[in-house]
Each structure stands twice: as C-alpha cells, then as structure tokens.
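Summary of structural features
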Amino acid sequence: MPNEEENLEASSIAPPPWVELPPEITMDILQRLGKIEILNSAQRVCTAWQKMCHDPTMWRVVDMKYEVKSSEVTLLWEKICRIAVDRSQGQLLQISIGDFGTKDLLNYVAERSSQLRHLRLVKCYNRLSGGLAAAAKNFPFLEELHIYFTSITKDDIEIVGRSCPLLKSFILHASPFEKVRFRLSSQDNDKALAIASSMPELRHLALIDNNLKNEGLQAILDGCPHLESLDLRCCCRIKLEGDLGRRCRQQIVDLKHPRDSTCDYEILHYLSPKDEYRSFVNDNYNNVFSLREYEYDDDDLWDYGYDYDDDEC
C-alpha cells in the first residue's frame, strides 16, 4: 500500500543535525549571532531554538552600536533594544547603544537592568540631556562607562561617580563639533575636576579630544590615585612638560600623550567631523530623530512595517 510506504519513508528521515546538538553548544552558537539575526531568523527555526532565544542568559550582552540612516530605522533599533532588555529579565550585564539612543531608551534600560556592569554609548550626541545622571542611580554595580560622541555635563559625571562606586573604567570622547563650540570655555576642565572629585577608584581613564588643561589633569592625578592607564590623545591643550609630565610617567603605567597616533583607535572610523556636524545640526534644529512612546509585542516585531536589509543598517 503506497500510503504506508510513504509514511515509512517520512518516519525514517533523519532530523536536522542541529536538533541533536547539546543545548550548551547550540546556545553558544546562537550567542554569536546579532540580535537582528536572532529575532528575525534563529528563533523561527524550531521550537527548541525559539525556547533558547527567549532564555535570559542569551541577552546578558547586547551590542547595538549600529549607525542608523533614517528615523524609521531609528525606531526599529530602539524597538529591538527594548525587546533585548525585556528578554534579559534583569540579567543584562553589558550593553552598547548606538546613535538611536535617547533619554527615554536609557531610562528604560535603567529601570530593568540594575545588574548592569558595562555601558557604552556611541554617537548619541545631545539626545540624552541629563538622562545619564538619572539612569546611573539604578546602576550601582557599573564598572565600565564608555562614551563616544555624546554630550554629558560635569553634573552628569559627578552623579555617575557618586551613584557608581565600583566604576573602574571611564572613556569620554568629545565630539569634534562640541569641542569647537566650547573651545573658549572651562567646560572640559570642569569635567576633569568632576572626575577627580567623584571617581577615586578609576583604574582606566581616556579623555579623547577634550579641551581640558594642565590644571584639570593635575586634579585627576590627585583625585584618582589608582589610575593605571590614561589616554590623552588629541587633548591639544595639555602640555606634558616639567613636573606634571614627570609625575604622569611615574604614576601611570600606560600613558598615551596628546600627540600619540590614533591609528589603532576603533571609534575614529564611525564618522567624519563633517558628518557629525550635520547630525548635530539635524538633532538640534530639525528634530528628525524625535521618538514617541508606543506599545509593542516582540513577536510582532517584523510586522512593524520596515523591511530590514543588512545593507541599510
């Protein structure tokens, strides 16, 4: 009987090879995928993978430092980031947020991720607007705070220092536009003084392309006695001569001077100063990246109306 033969053949078909992999190996493979690939593809492969893709341990590290190119893509990245935070169920340890970052999004992360150890903000420009100070109060275990092309104030730094007593690594890369805008003010020196007074446990500090002067550097050396590495590249107002230069060389194991090469510095390829200036102006005057509150269901992510294309993001 043909039907019985067909059924026998179907039952003898071997299951896909990935189904028989040990769960720990499968999870290790899935964790190597980007969050887009997990949400768009991996969780749809089979029931076992879907279950693993909802496991909170899969979402302890979230890296989303992509460069967006439209307000529509901005909304998509923010939505994905919120889904990732929700799936971590409070176990999020490390997150990198790219140029879709806003104060509302950072607050969303802070309210649900009190165990966070590492926070990285790239190209958020002036859109955080005091949000970092508010979020830091929910990050008592934060050990690393790395900020690139994102505006923060000395008050933000002081509150972060007081709220995050375990902070060991701090990077503050000024935006080229902001550096020119505040070149005649004492703002960067004030930030250096805030670091010195509120972050005494720092081991690693990078102040790339900042306007601080020797007085600010002196305060940091006094207030951060445990510093092991100090990166001052492109800080053209620093003069490492005489007693100050001698003290830096004696106190700091890994010291990068203002004129040292930046060829090994990963962030520099993100954008040119011209591109950054254009983004900053758009943010301030056209408000093209403003976001609204909305409800979502992570299983309906791809019904959002945006056809994702790797080449676009």
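Per an unreviewed UniProt entry, the protein chain goes by F-box domain-containing protein and derives from Datura stramonium.

With 67 residues, the main nonpolar core has Ile-95, Leu-119, Phe-170, Ile-195 and Ile-220 as its most contacted residues. Take this core: its biggest share by element is eight residues, from helix H5 (residues 71–88). Once residues lying within four places of it in the same chain are set aside, the contact partners of Leu-119 are Ile-95, Leu-106, Leu-132, Phe-139, Leu-142, Glu-144, Leu-145 and His-146. Tyr-125, Ile-171, Ala-206 and Ile-208 belong to the second largest nonpolar core, which has eight residues in total.

The subject of this paragraph is the packing of helix H11 (residues 214–223) against helix H12 (residues 242–251). It is the contact of H11 with H12, at a shortest axis distance of 11 Å, that shows an interaxial angle of 35 degrees. Crossing hand, H11 versus H12: left-handed. Between H11, through Asn-214, Leu-217, Gln-218, Leu-221 and Asp-222, and H12, the contact on the second element is made entirely by Leu-244, Arg-247, Cys-248 and Gln-251. Residues that form the contact of H11 with H12 fall into these classes: four nonpolar, three polar and two charged.

What counts as what
Along every chain, residues carry numbers that run from 1 in the direction the sequence is written. Local features in a predicted model are, by the rule used here, given only for residues with pLDDT of at least 70; side-chain atom pairs are given and counted only at 80 or more, and totals for whole chains, interfaces and linings are based on all residues. Water and hydrogen atoms were dropped before computing side-chain values, which therefore reflect all heavy atoms in the structure. By nonpolar core is meant a set of buried Ala, Val, Leu, Ile, Met, Phe, Trp, Tyr and Cys residues that side-chain atoms within 4.5 Å join together. Residue exposure (1.4 Å probe, protein chains only): buried if accessible area is under 20% of the type maximum, exposed if over 50%, otherwise partly exposed. What counts as a helix is a DSSP run of H or I of at least four residues, what counts as a strand is a run of E of at least two, and both are numbered from the N terminus. Contacts are residue-level and defined by heavy atoms, with any inter-residue pair within 4.5 Å sufficient. Between N-to-C directions, angles cover 0 to 180 degrees, with each direction set by a line fitted to C-alpha atoms, over the stretch in contact for helices. Crossing handedness is read from the near helix: turned anticlockwise from the far helix by less than a right angle, it gives a left-handed crossing, and turned clockwise, a right-handed one. Polar here means any residue other than Ala, Val, Leu, Ile, Met, Phe, Trp, Tyr, Cys and Pro, which are nonpolar, and Asp, Glu, Lys and Arg, which are charged; Gly is therefore polar.

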